[in-house]
Structures are given as structure tokens and as C-alpha cells.
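Letter by letter, the chains look like this.
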Amino acid sequence: YPCINLPKYHTMNKLRRFTVSKLAVTVIRVTLRSKSAAQRPSAPLGSRLLTDPDDVFKHNMWDHVQWTEEDKENAKQMIEENSRVQVSLKEQGKFDTEACHYWDKFYEAHQDKFFKDRRWLFLEFPELLPTGAVRQTTSTCYNPAPASSSDPEAGRHQGSKPAENHRDTDIYSDASCEIATAGQNGAATFPGQQASFRILEVGCGVGNSVFPILKNIKGTDSFLYGCDFSQRAIQLIMDHPDYDDSVCHVFVHDLCEEAASFPFPPRSLDVILAVFVLSSIHPERIQGVVNRLSAYLKDGGVFLFRDYGRYDLSQLRFKKGQCLSENFYTRGDGTCAYFFSKEEVHDLFSKAGLEEVQNLEDKRLQVNRRKKVVMRRVWMQSKYRKSSPPS
């Protein structure tokens, strides 16, 4: 028989028992925690208020956090510091003209794994459901008239102006123009024409809003459009098992291309949703984008907006040499972000002829309890309505 080193054998045996025991304790703790979480409803958005500073590390997020003058001054100084050295004028142009290329590369690298589905949408934006509709209904789906083309690219999609070598004319862009024009004259159908409630999400990406919305509008007389200027992102949506072309139509579209058409006529939408989209567009183009989109709202239709706010943590984290212009930055992957103020948002939508329903700075305190670090987040959340003309 081989000679056994007994002290070493007993030591290894103890280690194994300790590892198994530790693993068992961990599994039990996780199980109990998940059961507790399932029985306890999560705090609604906007309801967790920090009243005692000593409680800051009790939760991962606090709502409606007030900034002191010192907080504001520190944030301003950090922005002045990181914008002191800007990207050269020679290099700046590519982040505008080649935006589509950078976002395609982003989705090629991350697929649909980077962003989480926005299940909070209906808490913050109940306008996404028609009046009287119930969330997550299970009744039979509404089937609209079939689209004139079976191809999803009935137009071209969202964002900053694409690269010059990006295909400016695909074989369906002219067809979508004809569909929209004919729809105005009542001579032809367009996707979702028979629906009484229509939603457009601009910059839909890989569907992190599309699929939560689809889950909730099934069984209502609603139809969802989604557009993005990344061909790869749109294809990922269409390949998803939950994509349903009886209630949804996604297509490639560049919001900054003034001549680009939509597969539906003006004044045909009840809701336009833009979540972290307008910030990716060059600031000089944003007003034109909002103006053009607003023309597609029905009288009484609403534009729902959520995006980065001024002094958000992500703005403060940019390094020198990443600033393109005031409050506009480029990330390491070539994608861009602009940070809005409350006043800018109001002017943006008011100049497009829309009336303010809500215009909030959503200030939160994000907490890393393990590292004992607090981070200030600032998001803009706004709702603007297209008023009905006087009788």
C-alpha cells in the first residue's frame, strides 16, 4: 500500500468539510433571502426617502435627495476640470458622422446583454397604456392589417447622423415613404393602421423597452413601433422569441436625417417614448429631431422623455480629453452622451409646440454598501403634450 502522510491527509479532509459547510450555509442564506424578497414587495420608485443621514447605508438607493450648495459647487468644479481639455476639432466630426458605426460595434460586442429590461416603465409612464387598459392582460392579441412589406426596414432609424458609407438608401426606405404618404390620403394601409392607440419608441436599441411594452399591450387595441439606426440592434429584436409583428413593427431609421421617412403618417401617434436616446445625439441636432417627431403626434398625444441630467455621476467621471463641447462627451467606445438641465428640456419641447405636463429632475443617491461609497445620480424625466387646436 502507498504510504499516506496522515497530518497532510487530515488537514485536506478538514478543508473539504469546511468548504462544504460554508457552501451549505451560503445556499441557505440565499434561499431565505430570496423567499423574504418574494414575500415583501419592493419599494415603489420615488418613495424611499433618506431622513436620517446615519441610515444611508441601509439601502442601495435613496430617492429625491437634496443637494447642498457645497455638493453643487463640487460638481461644477469637476465638470470644469474634465472639460478643460477637449477633443480636437479635427477629431470631433467622426463622433457625429460615424455614430451608427460606433453603436453597431457596441451591439456587436454586447448583443442584448448590456442593458436590463425597463420594467419600471409603466410605473413612471402610465400613459403608455390606453385609457381603461389593464397591465399584463392575457386576453387575445389584436391583429392589425398586414404591413405592405414583410421586411422590418420600412424606414431608417435613430441617432446622430450616420457614417457616409452607411447605407443611406435601403430598398424599403422609398416604400415606407409611399406607405406614409398614401396613408395620409387614405389610399393604402400602413403597419398598425387599424389600431386605435399607437406608440413609437425612438432609439429602441435591442428592445429593453419594446418587450415590456409588448407584454402589457397585448389584448388592447394598441400597436407599437420601434426604430433605431443600428441595423444590428433591430435584427436582434426581430430574432427575439417574444417579437410579435401582429402588434409591433421595428425598422431602421436615422432621426437626424431630415429626409428620412416613417412607415406611418403625421398625426398618427398617441405616444412617443425617448429613453436615454436624445443624449446620444449632437446637441445642435436635438431640437430638429424633437420638432420632426412632434409632427407625428395626434392632438392630445404625449412625448415621454427620460435621460441624463446635469451633474450626474457619469458626467463627473469623464476624464480630460473626452469632452466634445459643453456638457457633451464621448465614451471610450465612441458613443456619446449629453447632459440636460431642467431649463433646456423645457425649452426643447416648448419650441416644438408641446405643453409641459411634467418636467422633473430625478435626483437619487446610489449606495455601494460593501465599499461604503455614495454616488449622486441625476436623471431628467419629462412629459409634454401636443395641445388640441381650438374649436
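Since this is a predicted model, take the numbers as computed values, not measurements.

Looking at the overall build of the protein
Secondary structure assignment for the protein yields eleven helices and eleven strands. Of all 391 residues assigned to the protein, the portion counted as buried reaches 46%. Long-range contacts, defined here as pairs at least 24 residues apart, represent 76% of the contacts in the protein between residues at least 6 apart. Total accessible area on the protein stands at roughly 21,100 Å², and carbon and sulfur atoms take up 52% of it.

Some thoughts on the sheet that holds strand S9 (residues 336–338)
The strand order S7-S8-S9 describes an open sheet built from three strands, whose pairing is antiparallel. Looking at the sheet topology across the chains shown, the edges are occupied by strand S7 (323–325) and S9. Pairwise comparison of adjacent strand axes, ignoring direction, gives a mean angle of 30 degrees for this sheet. Of the pairings in the sheet, the one linking strand S8 (residues 328–330) to S9 comprises three bridges and is antiparallel in character. Considered in S9, the bridge of Tyr-329 is made with Ala-337.

As for the confidence of the model for the protein
Residue-level pLDDT values for the protein average 76, and 67% of them are 70 or greater. Every residue in residues 32–44 scores below 50 in pLDDT, and together they form two contacts with partners more than four places removed in sequence or on other chains. A low-confidence stretch, residues 137–186 stays under pLDDT 50, and its non-local contacts, those more than four residues away or across chains, total 138 contacts.

Topic: helix H11 (residues 342–350)
The α-helix winds at 3.6 residues per turn, so residues separated by three or four positions along the chain end up facing the same way. Along H11, the residues classified as buried are Val-345, Leu-348 and Phe-349. Taken down its axis, H11 places every buried residue within 85 degrees of arc, on the same side. Contacts from the buried residues of H11 go to helix H9 (283–294), strand S6 (297–308), strand S10 (354–368) and strand S11 (373–386).

Focus on the sheet that holds S6
For sheets, the rule is that strands pair by backbone hydrogen bonds, running either parallel or antiparallel. One open sheet accounts for eight strands, arranged S1-S10-S11-S6-S5-S2-S3-S4; its pairing is mixed. The strands lining the two open edges of the sheet, one partner per strand, are strand S1 (61–62) and strand S4 (248–252). In this structure, strand S5 (residues 269–275) lies alongside S6, joined through six bridges in parallel fashion. Opposite Ala-274, over in S6, you have Phe-305 as the bridge partner. Set on the sheet, H9 makes contact with strand S2 (197–202), S5, S6, S10 and S11; between it and S6 the angle comes to about 150 degrees.

Section: the side chain of Arg-364
On the secondary structure map, Arg-364 appears in strand S10. Of note is the side chain of Arg-364, whose polar atom sits 2.9 Å from the side chain of Asp-362.

Describing the nonpolar core
Residues Leu-200, Leu-278 and Phe-349 are the most contacted members of the largest nonpolar core, which totals 39 residues. Taken together, the elements giving at least two residues each to this core come down to S2, strand S3 (222–228), S5, H9, S6, S9, H11 and S11. In contact with Leu-278, other than residues within four places in its own chain, are Ile-286, Val-289, Val-290, Phe-305, Asp-307, Phe-340, Leu-348 and Phe-349. Core analysis: the next-biggest nonpolar cluster, separate from the first, contains 26 residues, Phe-122, Leu-214, Tyr-243 and Val-252 among them.

Here's the deal with the packing of aromatic side chains
All told, the structure shown has 18 aromatic pairs when counted by the stated rule. Summarising the aromatic geometry, the rings of Phe-262 and Tyr-296 are spaced 4.8 Å apart at their centres and angled 65 degrees between planes, so their arrangement reads as edge-to-face. With Phe-262 in the loop between S4 and S5 and Tyr-296 in the loop between H9 and S6, the pair connects residues that are 34 residues apart, well separated along the chain. The pair Phe-262 / Tyr-296 is uniform in exposure class, with both members buried. With a centroid separation of 5.4 Å and an interplanar angle of 90 degrees, the aromatic rings of Phe-305 and Phe-340 are classed as edge-to-face. Of this pair, Phe-305 sits in strand S6 while Phe-340 sits in the loop between S9 and H11, and the two are 35 residues apart along the sequence. The two residues Phe-305 and Phe-340 agree in class, both being buried. Put simply, the rings of Phe-303, Phe-305, Phe-328, Tyr-338, Phe-340, Phe-349 and Tyr-384 pair up and form one aromatic cluster. Here the basic side chain of Arg-376 rests over the ring of Trp-67, its NZ or CZ set 5.5 Å away from the ring centre.

Digging into the packing of H9 against H11
Look at H9 against H11: their axes get within 9 Å of each other, and the N-to-C directions meet at 45 degrees. When the axis of H9 is compared with that of H11, the two are oblique. Each of Ile-286, Gln-287 and Val-290 in H9 lies in contact with H11, whose residues at this interface are Asp-347, Leu-348 and Phe-349. Within the contact of H9 with H11, the residues separate by chemical class into four nonpolar, one polar and one charged.

Some remarks on the pattern of salt bridges
The full count for this structure, using the stated rule, is 14 salt bridges. Arg-84 is the partner of Glu-81 in a salt bridge, and the nearest nitrogen-oxygen pair spans 3.0 Å. For Glu-81, a relative accessible area of 33% puts it in the partly exposed group. The salt bridge involving Glu-81 is made with Lys-320; its shortest N-O contact spans 2.8 Å. Of the two residues, Glu-81 is situated in helix H2 (residues 69–82) and Lys-320 in the loop between helix H10 (313–316) and S7; the sequence distance between them amounts to 239 residues.

Some remarks on H9
Given a rise of 1.5 Å per residue, twelve residues ought to cover 16 Å, and the 18 Å separating the end C-alpha atoms of H9 matches this to within 8%. By the burial criterion, the buried members of H9 are Ile-286, Val-289, Val-290, Leu-293 and Ser-294. Around the axis of H9, the buried residues are gathered within 120 degrees of arc, so they sit on the same side. Buried residues along H9 sit in contact with S2, S5, S6, H11, S10 and S11.

Analysis parameters
For every chain, the first residue of the written sequence is number 1, and numbering continues from 1 onward in sequence order. Restriction of local features to residues with pLDDT of at least 70 applies here, the model being predicted, together with a cutoff of 80 or more for giving and counting side-chain atom pairs; totals for whole chains, interfaces and linings are based on all residues. Excluding hydrogens and water, the side-chain figures rest on all heavy atoms present in the structure. Going along the chain from the N terminus, every DSSP run of H or I of four or more residues is numbered as a helix, and every run of E of two or more is numbered as a strand. Buried, partly exposed and exposed residues are distinguished by accessible area as a fraction of the type maximum, computed with a 1.4 Å probe on protein chains only: under 20%, between the cut-offs, and over 50%, respectively. Contact definition: two residues touch when any of their heavy atoms are within 4.5 Å. Residue-level accessible areas treat just the shown protein chains as cover; the underlying method is Shrake-Rupley with a 1.4 Å probe. In short, DSSP must find at least two bridges between two strands for them to pair. Inter-axis angles, ranging from 0 to 180 degrees, are taken between N-to-C directions of lines fitted to C-alpha atoms, where helices are fitted over the stretch in contact. Across the chain, each position has a pLDDT score giving the predictor's confidence in that residue, from 0 to 100. Along the arc lie the directions from the helix axis toward the C-beta atoms. We define a polar contact as two N or O atoms separated by no more than 3.5 Å, with the added condition that, inside protein, one atom must be a possible hydrogen donor and the other a possible acceptor, whereas residues neighbouring each other in sequence contribute only through side-chain atom pairs. Residues enter a nonpolar core if they are buried and are Ala, Val, Leu, Ile, Met, Phe, Trp, Tyr or Cys, with the set joined through side-chain atoms within 4.5 Å. What counts as a ring pair is set by centres within 6.5 Å for rings of Phe, Tyr and Trp (its six-membered ring), and what kind of pair is set by the plane angle: stacked under 30 degrees, edge-to-face over 60, tilted for all other angles. Lysine NZ or arginine CZ positioned within 6 Å of the ring centre and within 35 degrees of the ring normal marks a charge as sitting over the ring. Geometric relationships in this document are graded by angle, where less than 35 degrees denotes roughly parallel, more than 145 denotes roughly antiparallel, 65 to 115 denotes roughly perpendicular, and other angles denote oblique. In this classification, Asp, Glu, Lys and Arg are treated as charged, Ala, Val, Leu, Ile, Met, Phe, Trp, Tyr, Cys and Pro as nonpolar, and every other residue, Gly included, as polar. Salt bridge, as used here: a side-chain nitrogen of Lys or Arg that lies within 4 Å of a carboxyl oxygen of Asp or Glu. For a helix, the expected span equals 1.5 Å multiplied by the number of residues minus one.

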